[in-house]
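Listed here are the chains, written in short residue letters.
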Amino acid sequence: MAIDWQPSASIETLRERARLIANVRAFFAKRDVLEVETPVLGQRGSTDVHLVSLHTLARTGRGQRRLWLQTSPEFHMKRLLAAGSGPIFQLAKSFRDGEVGSRHNIEFTMLEWYRPQFTLAKLIDETATLVMSLLPSFPGPVAYYRYRELFHTHLEVDPFTTSLEKLRMLAAERAQMAAKTLAEEGRDTCLDLLMSVVIEPQLGQSELSVVTDYPTSQAALARRHQDADGEWVASRFELYLNGIELANGYHELTDAEEQRARFTADNAERRRLGLPEVDMDERLLAALEHGMPEGAGVALGIDRLIQLALGKARLEDVLSFATPRC
């Protein structure tokens, strides 16, 4: 039987990928942002209910122990920030189980950077500048949308006040699913489904679309603030182009006790959903207690951005060996 040993991407595409990544490094070098490398393996995984971490067993000198392949370099990079690194960036191999498709691969490259003393608005500007520098043929403007505004415009519902029952019915209808499939799902699952099926395809079609003011339940590792309507919302943004989410940024949470409470809440939700619990990262919490500088950080899917820059149909078209061929 013939074995498919060929790379997923053409050699010419890989040359173009290398050129674009060199441009990314030049972008940060010009701004005096330090490139760092952090471990792919960590002693803790992600408690995020929407992520599935991969792990392995390793002999560490103290017997066998479980080590996690990191879903992003975030925790290690925040420990560097607390140690006094200043502004940093990384092109990091990251891993998320079960994510394979036209926009996903189990192993992928995350571009992540942190800017002490930056406001979220300033980081949004820098993120848009980077994206536009890699897409010189895309002249579109940057447009800003509030999460609530998008649900009013595209679905005529309020994501903060509409009943869960109505959101379940609407999500089932728009995603063409049986209503019973969502009967036990929570508010955020329904909102995420409506966002991905109805709203996201409309974003970034002739512009870079920036979405802000997400519900506080979707704050993850971001701070919270009150919006113009007096609603508490997450201090985060997402950036879209051609209906594809490219970046997710936060005004970073620096309070160790609040972070511990969120890890605890994640695991409570995992228990409710029948998912395995993940031990919280005590080293990150210790770094936050020591003191991480105020600022903002963002994670950008560099494979997706390269896919858009080169006009490729699938993510695997810009990877040397996508998961099915690794």
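All values reported here derive from a predicted model rather than from experimental measurement.

Cut-offs used in this document
Residues numbered from 1 in each chain as written. Predicted model: local features only at pLDDT ≥ 70, side-chain atom pairs only at ≥ 80, totals over all residues. Heavy atoms only, no water. Helix = DSSP H or I, 4+ residues; strand = E, 2+ residues; numbered from the N terminus. Rg over C-alpha atoms; globule rule 2.2 N^0.38 Å. Buried < 20%, exposed > 50% of the residue type's maximum accessible area, 1.4 Å probe, protein only. Contact = heavy atoms within 4.5 Å. Core = buried A, V, L, I, M, F, W, Y, C linked by side-chain atoms within 4.5 Å. Pairing = 2+ DSSP bridges. Axes fitted to C-alpha atoms, helices over the stretch in contact; angles between N-to-C directions. Left-handed = near helix turned anticlockwise from the far one by under 90°. Nonpolar A, V, L, I, M, F, W, Y, C, P; charged D, E, K, R; others polar. 1 Å grid on protein atoms, 1.4 Å probe; cavity = no way out; pocket = protein on both sides within 12 Å on 5 of 7 lines; lining within 4 Å. Points joined across faces, edges and corners; volume = space filled by probe spheres on them. Salt bridge = Lys/Arg side-chain N within 4 Å of Asp/Glu carboxyl O.

(A) Up close: the overall build of the protein. When its secondary structure is counted, the protein shows nine helices and twelve strands. The globule rule puts the C-alpha radius of gyration for 326 residues at 20 Å, and the 20 Å found for the protein is close to it. By its C-alpha atoms, the protein is 50 × 50 × 50 Å across when sized along the principal axes. Here the protein holds 326 residues, and 48% of them are scored as buried. Across the protein, the fraction of contacts at a sequence separation of at least 24, relative to all contacts at a separation of at least 6, is 69%.

(B) Examining the nonpolar core more closely. Membership of the largest hydrophobic core comes to 36 residues, with the highest contact counts inside it found for F28, L111 and W113. When near neighbours in sequence (up to four residues on either side) are disregarded, L111 contacts V24, F28, F89, Q90, L91, L130, V298, A299, L300 and I302. Counting 23 residues, the second largest nonpolar core, distinct from the first, contains L167, L203, Y214 and A234.

(C) Expanded view of unusual backbone geometry. The residue D213 is not glycine, and still its phi comes out positive at about 60°. By the element assignment, D213 lies in strand β8 (residues 208-215). Unusually for a residue other than glycine, A220 sits at a positive phi of about 55°. Here A220 lies in the loop between β8 and β9 (224-226). A220 sits in the partly exposed class, given a relative accessible area of 31%.

(D) Here's a closer look at the sheet that holds strand β3 (residues 54-59). In space, the three strands of this open sheet follow the order β2-β4-β3, with antiparallel pairing throughout. The strands lining the two open edges of the sheet, one partner per strand, are β2 (41-42) and β3. Pairing analysis gives two bridges linking β2 to strand β4 (residues 64-69), with the strands arranged antiparallel. Note that in β4 the partner of L41 across the bridge is L69.

(E) Structural detail: the packing of helix α1 (residues 11-30) against helix α9 (residues 302-310). Relative orientation of the contacting elements α1 and α9 amounts to 120°, with a least axis distance of 11 Å. The handedness of the crossing between α1 and α9 comes out as right-handed. For the pair formed by α1 and α9, the contact residues are T13, E16, R17, L20, I21 and V24 on the first element and I302, D303, I306, A309 and L310 on the second. Considering only residue class, the contact of α1 with α9 consists of seven nonpolar, one polar and three charged.

(F) Highlighting empty space enclosed by the protein. Applying the stated criterion across every chain, the model contains one cavity of 30 Å³ or more. Taken together, L81, Y114, R115, P116, E252, M292, P293, E294, G295 and A296 make up the full set of residues lining the largest cavity. Those elements that provide at least two residues to the lining of the largest cavity are β6 (107-116) and β12 (295-301). Here the lining of the largest cavity takes three residues from β6, the largest share from any one element. Of the residues contributing to the lining of the largest cavity, the split by class is six nonpolar, one polar and three charged.

(G) Fine view of the pattern of salt bridges. For the structure on display, the rule yields 23 salt bridges. Note that E126 is salt-bridged to R31, the shortest N-O span being 3.8 Å. Residue E126 is found in helix α3 (residues 120-134), and its partner R31 is found in the loop between α1 and β1 (34-35); the two are separated by 95 residues along the sequence. Take R31: its relative accessible area is 29%, and that puts it in the partly exposed class. The residue R224 makes a salt bridge to E258 at a minimum N-O spacing of 3.7 Å.

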